[in-house]
Each structure stands twice: as C-alpha cells, then as structure tokens.
Amino acid sequence: MKYHPINFKLFIKNRKNFSEKMKPNSLAVFNSNDIYPISADSTMPFEQHRDIFYLSGVDQEESILVLFPDCPKESHREILFLKETSTHIAIWEGEKLSKEKAFETSGIKTVYWLQDLEKIMFELMAQCDTVYINTNEHYRANVETETREDRFTKWLKNKYPAHSVAKSNPILQRLRSVKDQIEIDLIQQACDITEKGFRRILNFVKPDVWEYNIEAEFMHEFLNNRSKRFAYTPIVASGNNANVLHYIENNQQCKSGDLVLMDVGAEYANYASDMTRTIPVSGKFSKRQKAVYNAVNKVKNEATKMLLPGTIWADYHVEVGKLMTSELLGLGLLDKADVKNEDPNWPAYKKYLMHGTSHHMGLDTHDYGILTEPMQANMVFTVEPGIYIPEEGFGVRLEDDVVIQDKGEPFNLMRNIPIEADEIEDIMNS
C-alpha cells in the first residue's frame, strides 16, 4: 500500500463497538470485495470493501472477517480468513499478508487460511443462534453486480437455513458515521494532499489548457503524496459544462473569460476528501462572476455554522434554502413573485441549486450515516452550495469538508485551501 501503516488500535476499537451492538450468541461475517474483470485477463484495480477495512484494516482481496463475541472458544471470538500466500504468489503478484502481518495490521490473533473456512464455519454455526449478514443499504446504493458478499450470504443461508438472520448495516451506519480521531487525521491527510493538488493547478491554469490537463496535474500531485487515486471520478468543468452536475468527460478546452469548476478529492488510506473550487481561467473574475461566487461562498459559510449536534439533515436543508433564496434575490436571478408563488415541494431557489448541500464523508465519499437521526460530534460532512446559470454560461460550486464539534462551529479540514475570490486571483497572478 502507498499509505503509512494505521495504528491497529483503531480496528480493535471498531470491532469492540460493533460487537457490543450484536445480539446475544450471534456471529457476524464480512467479506472483501472481488477483483472485477474488464475483459480477457484485464482487471480493475482492487478496492477493498470499506466495512471489512473499517473493522480489520485488511486491504487485501479474498479476505473474510468473522466476529463471534460469545463464542465458547475464546480464540474464535475474532477470526480472519486469508488467501494463503506462497513463494509463487510473491513472485508473480507480490507478497500477501502472512499470519504475523495480519496480526500487526488488525490486532486479530486468530488467522486461518481460506481453505479452512467451511470446516471452521461448521463449528461456529453449531454454537451460534443468529448470523449477521452485510447487505448494502446506503440510501444512494444502486448495485447491479452480484458481489462477493452477496454470494457468501446466499451460500450461508442455504447451508444453514435454521439460523436467525440479522443485519450488520444499521449498526455500521451509526458507528461509521461518527469518526475516531485516527480517522479524522487520515481524512485530514487526504484533504492536505488535495490542497497540494489545488495549489499546483492555480499556477497552471490559463486560457486554452484542456480540462484533462488540469485533471492530470491533480493526479500527479496525488500520486507523489501517497494517494493512489481520486476519491471519486473527478469533475473538471469549464464554462457551461459546470451546469452539468456530474460532468466527467473533462475533454474540453478552457476558454479565456470562462470559469472552471473542479470537484476533486484525493483518497488516503481508503479515506476520502471531497473538494470543489471554481476559478477564473484567465486569472480574474468578471464583476458578475465574482458577485455569484461571493454569494455561494456566503451561503457556504453560513450553512457551515448550522452543522451542530442535534441538527436534523432535512431541517438544515430548509434553512440553507432560505439563505440561498436571499442571495438569488440579491443577484436578480429570482424576484419576490417567484418566491411568493413557489411550490413548497420544489422551492424557487431549486432552479439554480438542484442538489443538497451536505452529505456524510469518510471511507466512502458519500459515507454511511442515517439522515433522519440527529447530527453528532465527530461526524464529517461536506458543505457544497452552488449556483448554476446556463443562460449566462457558467456555474459556481464551493465545497469544504468539516467535522462537527461538541460545542461551537465545525472544524474545517480544508481551512488551508484557498477559497476567497481575491486570494484565488492573487495566487493565479503571482
């Protein structure tokens, strides 16, 4: 892995927290992801399932974690099953985790090779009453592929039909949404790498560069700082492309006088950052562009202050909508009649801001978190308002990642990344 080793105290704590939420005499199983094929013998780069990583730190394919806190045999209360390494694998693919290295990574003492899985599982299932399966219940999930987790669940329920079944996901949704300080430090590192990429492109962008040139500059900086990739597919949208919310082609030339919206973030140790900045291709905002930019920045700053323990996500968005409505009136994009006659289910401001302002962030860019439950300290949220004006040929979005505090305003993990319009211009023209 490119990232530095993570203190396994994090994973010990995460397993302890999960186990405490399990039913008596129950067992939970977590699988790694598959390596997905492209065609012929080509595959996509491996990405570990975030749940098994969260609970073990194991970042390797063909791995299984079993938790059985009430197991009569103490050594079987936490078990890792791993693909057995060999000299042949070490030569052709690179060395896999040994049992000793697996302990150093996870803090789990009992490690078996995968060929022993069915034999050990038969013993464990005879001792437990309930098995926790790990289904994907994220509110944005839209999965067509049958995952390794799905196949294992199908096998388990078929082989052991008399067991009660429970769901891991509701537990994980609550646990993963509240970050340990080690996790916050990892997200901060991802944000710091993103900052280096952004400062690089501020000295690079000029008329006639291509959007993919900008993407390449970010990737250069990310790789040089131990990030293996973008945390999500990057958006580099110049001119009217910014009004396509998920524009990812990044294949157009940046023209003099245009703005370029960049929604990019580095990952580090599987933790995401999520930044958006909008800058002038020529190094100077027009008067109109700066007015819209400052309006978005004002909404972002005021919205950030609302992210407090006890806040309900839906209520927060209603209040952000009021802030945005006020700014759109000031910009002349809405008038009082638009607001008076608006549909409460789709307020007038939605013509210029169609998306939400905040989402959980962490191991996934759109991380776990139950949106109907109150916000808590140490949750990490994005704050990302925007104004999109196709008829004027530009859009502005600004986004930071912040940590909710016990008291006071959230802590901004992107506090060092330039965002004020004047600072952006100064750096681009220095």
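On a predicted model such as this, the values are computed, not experimentally measured, just so you know. Residue numbers restart at each chain and count upward from 1, following the sequence in its written direction. Only residues with pLDDT of at least 70 are given local features in this predicted model, and only at 80 or more are side-chain atom pairs given and counted; all residues enter the totals for whole chains, interfaces and linings. Here the side-chain values reflect all heavy atoms present in the structure, with hydrogen atoms and water set aside.

Moving on: the sheet that holds strand 18 (residues 411-412). Pairing is antiparallel in the open sheet, where three strands are placed in the order 14-17-18. In this open sheet, the two strands that pair with only one neighbour each are strand 14 (380-383) and strand 18. For two strands to be treated as a pair, DSSP must find no fewer than two bridges joining them. Secondary structure elements are defined from DSSP: runs of H or I of at least 4 residues count as helices, runs of E of at least 2 residues count as strands, and each element is numbered from the N terminus. Taken together, the two bridges between strand 17 (residues 400-403) and strand 18 define a ladder with antiparallel strand orientation. Looking at the pairing, valine 402 lines up with asparagine 412 of strand 18.

Exposure classes here rest on a 1.4 Å probe applied to the protein chains alone. A residue is buried below 20% of its type maximum, exposed above 50%, and partly exposed in between. If you check which residues of helix 13 (residues 421-428) are buried, you get Ala421, Ile424, Glu425, Ile427 and Met428. The arc that holds the buried residues of helix 13, viewed along the axis, is 165 degrees, so those residues lie on one side. The inward-facing, buried residues of helix 13 abut helix 8 (181-202), strand 13 (275-280) and helix 10 (287-305). The arc under discussion is defined with respect to the helix axis, by the directions toward the C-beta atoms. We call two residues in contact whenever any of their non-hydrogen atoms come within 4.5 Å of each other.

Attention shifts here to the sheet that holds strand 4 (residues 64-67). Read from one edge of the open sheet, six strands run 6-5-4-1-7-8, paired in mixed fashion. A strand with exactly one partner marks an edge of an open sheet, and here the two such strands are strand 6 (110-113) and strand 8 (164-167). Strand-to-strand, the axes of this sheet are offset by a mean angle of 25 degrees, without reference to chain direction. Axis definition: a line fitted to C-alpha atoms, over the contacting stretch in the case of helices. Angles run 0 to 180 degrees between N-to-C directions. Seen against the sheet, helix 1 (residues 9-20) touches strand 1 (26-31), strand 4 and strand 5 (78-82) and runs at an angle of roughly 50 degrees to strand 4.

A word on the pattern of salt bridges. Here, a salt bridge means any Lys or Arg side-chain nitrogen found within 4 Å of an Asp or Glu carboxyl oxygen. Scanning the entire structure with this criterion turns up 31 salt bridges. Note that lysine 167 is salt-bridged to glutamate 137, the shortest N-O span being 3.2 Å. Remark: glutamate 137 occurs in the loop between strand 7 (130-133) and helix 6 (148-159) and lysine 167 occurs in strand 8; sequence separation between them is 30 residues. With relative accessibility at 32%, the residue glutamate 137 sits in the partly exposed group. Between aspartate 400 and lysine 300 there is a salt bridge whose closest N-O contact spans 2.9 Å. Here lysine 300 lies in helix 10 and aspartate 400 lies in strand 17, a separation of 100 residues in the sequence. Take lysine 300: its relative accessible area is 3%, and that puts it in the buried class. The network of salt bridges with shared partners includes Asp51, Arg176, Lys179, Asp364 and Asp367.

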